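Now for the letters of each chain:
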Protein chains: 4
Amino acid sequence: MKKLETKNRSWREIIHEVIYEADTPEGKLFDIALLALILMSIILVMLESVKEVDDKYHETLYAFEWGVTILFSIEYVLRVISIKKPTKYIFSFYGLIDLLSTLPMYLSAIFIGSHSLVALRALRLLRVFRILKLSRFVGESNQLMKALNASKAKIGVFLYFVLIVCVILGTIMYLIEGADNGFTSIPRSIYWSIVTLTTVGYGDIAPQTPLGQFIASITVIIGYAIIAIPTGIVSSEMTKGKVNLNTQSCPNCGYEGHKDNAEFCYHCGSKLNM
Amino acid sequence: MKKLETKNRSWREIIHEVIYEADTPEGKLFDIALLALILMSIILVMLESVKEVDDKYHETLYAFEWGVTILFSIEYVLRVISIKKPTKYIFSFYGLIDLLSTLPMYLSAIFIGSHSLVALRALRLLRVFRILKLSRFVGESNQLMKALNASKAKIGVFLYFVLIVCVILGTIMYLIEGADNGFTSIPRSIYWSIVTLTTVGYGDIAPQTPLGQFIASITVIIGYAIIAIPTGIVSSEMTKGKVNLNTQSCPNCGYEGHKDNAEFCYHCGSKLNM
Amino acid sequence: MKKLETKNRSWREIIHEVIYEADTPEGKLFDIALLALILMSIILVMLESVKEVDDKYHETLYAFEWGVTILFSIEYVLRVISIKKPTKYIFSFYGLIDLLSTLPMYLSAIFIGSHSLVALRALRLLRVFRILKLSRFVGESNQLMKALNASKAKIGVFLYFVLIVCVILGTIMYLIEGADNGFTSIPRSIYWSIVTLTTVGYGDIAPQTPLGQFIASITVIIGYAIIAIPTGIVSSEMTKGKVNLNTQSCPNCGYEGHKDNAEFCYHCGSKLNM
Amino acid sequence: MKKLETKNRSWREIIHEVIYEADTPEGKLFDIALLALILMSIILVMLESVKEVDDKYHETLYAFEWGVTILFSIEYVLRVISIKKPTKYIFSFYGLIDLLSTLPMYLSAIFIGSHSLVALRALRLLRVFRILKLSRFVGESNQLMKALNASKAKIGVFLYFVLIVCVILGTIMYLIEGADNGFTSIPRSIYWSIVTLTTVGYGDIAPQTPLGQFIASITVIIGYAIIAIPTGIVSSEMTKGKVNLNTQSCPNCGYEGHKDNAEFCYHCGSKLNM
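The rules behind these values
Residues numbered from 1 in each chain as written. Chains lettered and ligands numbered in written order. Predicted model: local features only at pLDDT ≥ 70, side-chain atom pairs only at ≥ 80, totals over all residues. Heavy atoms only, no water. Helix = DSSP H or I, 4+ residues; strand = E, 2+ residues; numbered from the N terminus. Buried < 20%, exposed > 50% of the residue type's maximum accessible area, 1.4 Å probe, protein only. Contact = heavy atoms within 4.5 Å. Areas by Shrake-Rupley, 256 points an atom, 1.4 Å probe, with all protein chains shown as cover. Patch = residues over 30% accessible without salt bridge, like charges linked within 9 Å, V, L, I, M, F, W, Y side chains within 5 Å. Salt bridge = Lys/Arg side-chain N within 4 Å of Asp/Glu carboxyl O. Domains from an automatic or database assignment. Phe/Tyr/Trp six-rings, centres within 6.5 Å; stacked < 30°, edge-to-face > 60°. Lys NZ or Arg CZ within 6 Å of the ring centre and 35° of its normal. UniProt positions renumbered as here; feature names shortened; annotations may be inferred. Axes fitted to C-alpha atoms, helices over the stretch in contact; angles between N-to-C directions. Parallel < 35°, antiparallel > 145°, perpendicular 65-115°, else oblique. Left-handed = near helix turned anticlockwise from the far one by under 90°. Nonpolar A, V, L, I, M, F, W, Y, C, P; charged D, E, K, R; others polar. Core = buried A, V, L, I, M, F, W, Y, C linked by side-chain atoms within 4.5 Å. Expected span 1.5 Å × (residues − 1). pLDDT = per-residue confidence, 0-100. Bend = angle between axes of the 7 residues up to and from the residue.

Caption draft 1: Focus on the overall build of chain A. Broken down by element type, chain A carries 10 helices and 0 strands. Within the span of chain A, comprising 274 residues, buried residues form 49% of the whole. For chain A, the share of sequence-separated contacts (at least 6 apart) that also reach a separation of at least 24 residues comes to 50%. Approximately 13,300 Å² of chain A is accessible, and the part contributed by carbon and sulfur atoms is 66%.

Caption draft 2: Representation of a nonpolar patch on the surface. Residues and elements named next belong to chain C. A cluster of nonpolar side chains, contributed by Ile70, Leu71, Ile74, Leu99, Leu103, Tyr106, Leu107 and Ile110, occupies part of the molecular surface with about 670 Å² of accessible area. With 5 residues, helix α5 (residues 93-110) is the largest single contributor of residues to the nonpolar patch. Here leucine 103 shows up in helix α5. For leucine 103, a relative accessible area of 37% gives the class partly exposed.

Caption draft 3: Structural detail: the domain arrangement of chain A. Taken domain by domain, chain A comprises domain 1 (2-132) and domain 2 (140-238). Each of domain 1 of chain A and domain 2 of chain A has a C-alpha centre, and these two points are 39 Å apart.

Caption draft 4: Structural context of the environment of isoleucine 168 of chain B. All names here are of chain B. Within the fold, isoleucine 168 resides in helix α7 (residues 142-177). Given the relative accessible area of 12%, isoleucine 168 is considered buried. Between the C-alpha atom of isoleucine 168 and that of asparagine 181, which follows or precedes it by 13 residues, the distance is 18 Å.

Caption draft 5: Region of the structure containing the pattern of salt bridges. All told, the structure shown has 16 salt bridges over all chains when counted by the stated rule. For arginine 79 of chain A, the salt bridge is made with glutamate 75 of chain A, and the minimal N-O distance between the two is 2.8 Å. Residue arginine 79 of chain A and its partner glutamate 75 of chain A are both found in helix α3 (residues 51-81); the two are separated by 4 residues, about one turn of the helix. By the burial criterion, arginine 79 of chain A is buried, and glutamate 75 of chain A matches it. Its salt-bridge partner being glutamate 17 of chain C, residue lysine 2 of chain C comes within 3.3 Å of it at the nearest N-O pair.

Caption draft 6: Up close: the environment of isoleucine 110 of chain C. Residue and element names in this part refer to chain C. Counting through the fold element by element, isoleucine 110 comes out in helix α5. Owing to a relative accessible area of 63%, isoleucine 110 belongs among the exposed residues under this scheme. Expressed as a C-alpha distance, the spacing of isoleucine 110 and glutamate 59, which sit 51 residues apart in the sequence, is 18 Å.

Caption draft 7: Spatial organisation of the packing of aromatic side chains. A complete count under the given rule lists 21 aromatic pairs over all chains for this structure. Ring geometry for tyrosine 160 of chain B against phenylalanine 161 of chain B: centres 5.1 Å apart, planes inclined by 65 degrees, an arrangement best described as edge-to-face. Of the aromatic side chains, those joined through ring pairs into one cluster are Tyr20, Tyr76 and Tyr89 of chain A. One Lys or Arg, arginine 79 of chain A, reaches over the ring of tyrosine 20 of chain A and ends 5.1 Å from the middle of that ring.

Caption draft 8: Seen up close, the environment of leucine 132 of chain C. Relative to the helices and strands, leucine 132 of chain C is located in the loop between α6 (117-128) and α7 (142-177). For leucine 132 of chain C, a relative accessible area of 14% corresponds to the buried category. Here the alpha-carbon distance between leucine 132 of chain C and lysine 56 of chain C, two residues 76 residues apart in the chain, equals 29 Å. Apart from the residues within four sequence positions on either side, leucine 132 of chain C is in contact with Phe93, Tyr94 and Ile97 of chain C together with Ile164 and Ile168 of chain D.

Caption draft 9: Layout of the UniProt feature "transmembrane region" (unreviewed entry) in chain A. Residue and element names in this part refer to chain A. Mapped onto this numbering, the UniProt entry gives "transmembrane region" (unreviewed entry) at residues 32-50, 62-83, 155-176 and 214-234. From the first C-alpha to the last, residues 32-50 spans 28 Å; its make-up is 95% helix and 0% strand. With 100% helix and 0% strand, residues 155-176 has end C-alpha atoms that lie 31 Å from one another.

Caption draft 10: Region of interest: the side chain of threonine 231 of chain D. Structurally, the position occupied by threonine 231 of chain D is in helix α10 (residues 228-243). Given the relative accessible area of 2%, threonine 231 of chain D is considered buried. Beyond its immediate sequence surroundings of up to four residues, threonine 231 of chain D is in contact with Ala228 and Thr231 of chain A together with Thr231 and Ser235 of chain C.

Caption draft 11: Molecular detail of the packing of helix α1 (residues 11-20) of chain C against helix α3 (residues 51-81) of chain C. All names here are of chain C. For the pair α1 and α3, the least separation of the axes is 9 Å and the interaxial angle reads 120 degrees. Taken as axis vectors, α1 and α3 run oblique relative to one another. The chirality of how α1 crosses α3 is left-handed. In this structure, α1 contributes Trp11, Arg12, Ile15, Ile19 and Tyr20 to the contact, and α3 contributes Leu78, Arg79 and Ile81. Of the residues that constitute the contact of α1 with α3, the class distribution is 6 nonpolar, no polar and 2 charged.

Caption draft 12: Highlighting the packing of helix α3 (residues 51-81) of chain B against helix α5 (residues 93-110) of chain B. Residue and element names in this part refer to chain B. Packing of α3 against α5 leaves a shortest axis separation of 9 Å and a crossing angle of 135 degrees. Here α5 runs oblique to α3, going by the angle between their axes. Relative to α5, α3 is oriented so that their crossing is left-handed. Contacts between α3 and α5 pair Tyr62, Glu65, Trp66, Thr69, Ile70, Phe72, Ser73, Glu75, Tyr76 and Arg79 from the former with Gly95, Asp98, Leu99, Ser101, Thr102, Met105, Tyr106 and Ala109 from the latter. When the residues that make up the contact of α3 with α5 are grouped by side-chain class, the tally is 9 nonpolar, 5 polar and 4 charged.

Caption draft 13: Representation of the nonpolar core within the structure. Counting residues in hydrophobic clusters, the biggest one holds 197 residues, and the most contacted among them are Ile131 of chain B together with Ile131 of chain C. Contacts of isoleucine 131 of chain C, omitting those with residues within four sequence positions, involve Ile42 of chain C together with Tyr160, Ile164, Val167 and Ile168 of chain D.

Caption draft 14: Local environment of helix α9 (residues 210-226) of chain B. Its 17 residues place the ends of α9 of chain B 25 Å apart at the C-alpha level, agreeing with the 24 Å of an ideal helix rising 1.5 Å per residue. Taken together, the buried positions of α9 of chain B are occupied by Gly212, Gln213, Ile215, Ala216, Ser217, Thr219, Val220, Ile221, Gly223, Tyr224 and Ala225 of chain B.

Caption draft 15: Here's a closer look at the confidence of the model for chain A. Chain-level statistics for chain A give a pLDDT mean of 79 and a share of 80% at 70 or above. Looking at the elements of chain A, mean pLDDT is at its lowest for helix α6 (residues 117-128) of chain A, recorded as 63, and at its highest for helix α8 (residues 186-197) of chain A, recorded as 93.

Caption draft 16: Here's a closer look at unusual backbone geometry. All names here are of chain A. Backbone geometry places threonine 199, a non-glycine residue, at a positive phi of 60 degrees. Secondary-structure assignment places threonine 199 in the loop between α8 and α9 (210-226). With a relative accessible area of 2%, threonine 199 lands in the buried category.

Caption draft 17: Local environment of α3 of chain A. At tyrosine 57 of chain A, α3 of chain A is deflected by roughly 90 degrees, the largest bend along its length. Taken as a whole, α3 of chain A has its buried residues at Asp54, Leu61, Glu65, Val68, Thr69, Phe72, Ser73, Glu75, Tyr76, Arg79 and Val80 of chain A.

Caption draft 18: Representation of the side chain of glutamate 17 of chain C within the structure. When you line up the elements, glutamate 17 of chain C lands in helix α1. If near-sequence neighbours (up to four positions away) are discounted, glutamate 17 of chain C is found in contact with Lys2, Leu4, Arg9 and Thr24 of chain C.

Written out as structure tokens, the structure is:
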């Protein structure tokens, strides 16, 4: 923590320090207020969707929603004007999220004549994306991201094979069970096989014939066993990062088995060339 | 096991040895009796909630409940008076649990005039917390706790992202399916998305429209695949503890994670004291 | 494979070689015939339970059942008389299973006067245990068993904590939802919490109140996340067995990091003291 | 990428380069067109199964289906004539898949008199196997396949034990619950136990009696805990491949699993050629 310097600084610099940094007490206070505002706005969106609450408190919720929108708009404007290259913020991930957090209300005020239910409901969706503003407050999980990034090719291949198995098993069930038992089309049967293979198992569609139940048993066992594959992929990537010793040898003593980020040899203390 | 010394010791010391330690035959016998009493009291609470049993045996169960409460009260008093600093026990985890195990019955006797159903039911809940007294008998699983402790930050980030995904997918389904198909509000739709992503899948709410079933298929596949992440986190922490690196830190730079047989710090090259 | 010696051997030794060993062609043939008989007998038990099949083919199934029982009885007698210490077989795991495979039919023939439905159904259950005779044909999975054995203490602690969480969450839901919503007693609510925490999620009991659905969301997230714990325990035990290098150092060159079963030093080739 | 040589080459060689290789722009274009055609044909099969779509667009879909079939036939013929040994392609995995992708339509044209519903539905299934043609476009995941191959014996043993547990638990539930509660036969009860142990939990069959719900609780806990076993098996195989041991075998004793930097065999002490 450091003291917020106000002398010899333009208001632009001061605002930038408070909004973009969290080193000063003022900056930290801004972050806490912003966090509270985001959480409150998400709860607002949820409450508005509950019929009993909306019937009683519609005007109150509407007023609060405008209050939140105006505050987010002020935050957006402050962010734009206190940064050297505004476009760098406006087109960044957070810039777009912040814009989506404020536009819907203004749009609904402009288009209020249409009373389109779908449009109103779509606007509600956009406001939920405000929850992504919270990501600012989560520290970067570097090793976690690195392991996921290294796994993604193998997980992609895995998901491809899962899809193929689901399409084929779904079509087999469509043939065996038929429309009378809920398997009304191949896409719907594939929906069943995906829900089953992933061990979710709603039960909204379930096989009725003995042969269908036999195929379903095979499907659930496949789904149960192959969870091991993505888990093994991610586990081995993460363990490698923690445990593995690369094949570099120390120029001085020749020892191998140094850590990935090691700078000195664990055996003789000499510097390693990285 | 050792013999319980009774010569030259105050009754306070003897009681302390029997209750708090399990080295002597008397101490072990006390522990077994306490374990049996705890298990019996929990079964009592469960039986009282089953209407058929309560109708037949209400007075018997009530009598047993008082018996158990009085025995737990005696145990509580003995623990308080046989320890040097009573407050250290009273405000500890086990002290609070033991208090919660005895208070409800006395409270229900005092407030019996109200006949409040909710209060009676809440008192039943408090008695169930007696099950936590069993934790005394479980040895500490040191390595397990250490691995969980090291993982908790990453698992926190993981859960945060799971929540965000659930909120967004839940709101999307609320828009697509609507109240007629069970998705009556955004909170209820988020309940659906959490139940689905975790592969539980009650089926009490399930998508009816083709587009909704398509989004649901994506949701279940995401849930199925990302189980790998917390598993990878915990597995790599536990494997690291088993396979490779000890907890010694370099006296010079403080870095940990050296190999078991390392003589020099891989980070700064200083010699490690083994 | 070796030739079955018949010269200079008692019939007892020959039978022992054919039944207990699988080195000779006769021994292997016996094993295959036994495997086929076991599979057929299990399918028989299953078919007898299907009403449509039993109505049509009751006498045929009954005849086959007697055939199977007589063959298993012959096998049992041969095993007993061809081994030096009969009691060693009779009271072993396989001896008891083999006895259970033949007794039920004889018992049902003796007790046929009672026509007790429960007894008949219980006898069917005993015959299903024949499936354990198949274990003879599965090779021992040494490393798998070793890893599971090493993990069992930690998995026991894990299951203990899962049970505690289920009891507490189940009781909370019993208070919140109540009998009207399916949570008719604490044991039944604990059944719900176990089914939910393990991500099975039948949906036969599901929370109806908003607060109940909120607690349920927490339950499913806990269940989803803590799958990582037993997986991490078992994974690290198995990986340790494959990867880990013990701390033994070579008496000749001092190198460490040898495999658990290594007999020679990987660095200088000298013999290691095990 | 290289330029497609047309000078001094027979049309057979040119076609072979375009179809079987993807080095030239023409070859890559062919692959992209083929991928699009496969995806379109699968969507066609799915659309034909949806009653509402088929009622409206039956002729259009039928025309498209013929177009796709003719194009796949042309591809099949080109593949056969542009390869030196046609039988090597015709009887390969992809050759059989490609044949299955075209035959059904011709067969349905020939057998159109029968109007057999089952036959028509079976023909639809065969066309879904076209999805396996996509495998051409997925790179080989060598390490993933190697780890799975090494795990398969242990996973086989695991699945065998899962089946035994399911048969026994299913039969127990059949005895306890009986036909009135949905458990109409032992096979159907085994279907329930498989669906439950794999944590899918449709809820189409669920225990009603307290004892049955207790046995079900044990079943789900077993299923929840033993997910750790296949996961541990696959994880340790993948981690082993990443962390430690290479595939070199000792020239003297043939043992594998030496460390990356090992100079001598840990089993027999002989020198390894690196």
